[in-house]
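Structural characterization, general
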Amino acid sequence: MSAVSNMPHVIADAVRAASHAAHDFFEHLGDSVSHSIIESEREREEAYLAESADLADLECRMHDLDHARQHHVFWTT
């Protein structure tokens, strides 16, 4: 098989490799962003709970967070 006749296979292999590399990159990027969002949300929740005036306030805030999670409400500060 000559180099010219093998060229379509070489190009196809290169495109396939580039496609896999791009997929892996974006998958890793998505995982990193998701992790950052989760960590940020956890830090906001901890700060919100830390502002509690007393035990009753803490319990109320914990209930609010549980309710928000069940209804997919996200806290903003």
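Overview of the structure. (Residues numbered from 1 in each chain as written. Predicted model: local features only at pLDDT ≥ 70, side-chain atom pairs only at ≥ 80, totals over all residues. Heavy atoms only, no water.)

Focus: the overall build of the chain
Applied cut-off: Strands are runs of DSSP state E lasting at least 2 residues, helices are runs of H or I lasting at least 4, and numbering of each runs from the N terminus. Type-normalised accessible area, obtained with a 1.4 Å probe on protein chains alone, sets the label of each residue: buried when under 20%, exposed when over 50%, and partly exposed for intermediate values.
In terms of helices and strands, the chain carries 2 helices and 0 strands. Here the chain holds 77 residues, and the buried ones make up 9% of them.

Side note on helix H2 (residues 55-70)
Note that an α-helix has 3.6 residues per turn; residues three or four places apart therefore point the same way. Our working definition: Expected span of a helix, by definition, is 1.5 Å for each gap between consecutive residues, and there is one gap fewer than residues. Within 3.5 Å is the distance limit for a polar contact, defined as a pair of N or O atoms, with the added protein rule that one can donate a hydrogen and the other accept it, and that residues adjacent in sequence qualify only through two side-chain atoms.
Along its 16 residues, H2 runs 23 Å from first to last C-alpha, staying within 8% of the 22 Å computed at 1.5 Å per residue. Its side-chain oxygen at 3.2 Å from the backbone nitrogen of Ala56, Asp54 defines the N-terminal cap of H2. Of the residues one or two after H2, His72 is the one with positive phi, at around 55°.

Points about the pattern of salt bridges
Using the following cut-off: The salt bridge definition used is simple: a Lys or Arg side-chain nitrogen within 4 Å of an Asp or Glu carboxyl oxygen.
Enumeration over the complete set of coordinates arrives at 7 salt bridges. A salt bridge links Arg44 to Glu41; its shortest N-O distance comes to 2.7 Å. With Arg44 and Glu41 both in helix H1 (residues 3-50) and 3 residues apart, the pair spans about one turn of that helix. Take Arg44: its relative accessible area is 28%, and that puts it in the partly exposed class. Assessed through its relative accessible area of 14%, Glu41 is described here as buried.

A look at the side chain of Glu45
Within the secondary structure, Glu45 sits in helix H1. Of the polar contacts made by the side chain of Glu45, one reaches the side chain of Arg69; its length is 2.7 Å.

Considerations on the packing of aromatic side chains
Convention followed: Only rings of Phe, Tyr and Trp enter the pairing, Trp through its six-membered ring, and a pair is recorded when the two centres are within 6.5 Å. The plane angle decides the type: under 30 degrees is stacked, over 60 is edge-to-face, the rest tilted.
Scanning all chains against the criterion turns up 1 aromatic pair. Ring centres of Phe25 and Phe26 lie 5.0 Å apart, and the angle between their planes is 75°; on these two criteria the pair is classed as edge-to-face. The exposure class assigned to Phe26 is exposed, which follows from its relative accessible area of 54%.

Observations concerning a nonpolar patch on the surface
Note the threshold: Put simply, a patch holds well-exposed residues, over 30% relative accessible area, that have no salt bridge, with like charges counted together within 9 Å and Val, Leu, Ile, Met, Phe, Trp or Tyr side chains within 5 Å. Using the Shrake-Rupley algorithm and a 1.4 Å probe, accessible areas are obtained, with residue cover drawn only from the displayed protein chains.
Taken together, Phe25, Phe26, Leu29, Val33 and Ile37 make up a surface patch of nonpolar side chains, about 510 Å² in accessible area. With respect to the element layout, Val33 can be found in helix H1. Its relative accessible area of 43% is what places Val33 among the partly exposed residues.

Some details on the side chain of Arg61
Note the cut-off: Residue contacts are defined here by distance: any two heavy atoms, one from each residue, within 4.5 Å place the two residues in contact.
Residue position: Arg61 is located in helix H2. You can call Arg61 buried: its relative accessible area is 14%. Within the structure, the side chain of Arg61 is placed 2.7 Å from the backbone oxygen of Tyr48, a separation counted as a polar contact. Leaving out residues up to four positions away in the same chain, Arg61 has contacts with Tyr48, Leu49, Glu51 and Ser52.

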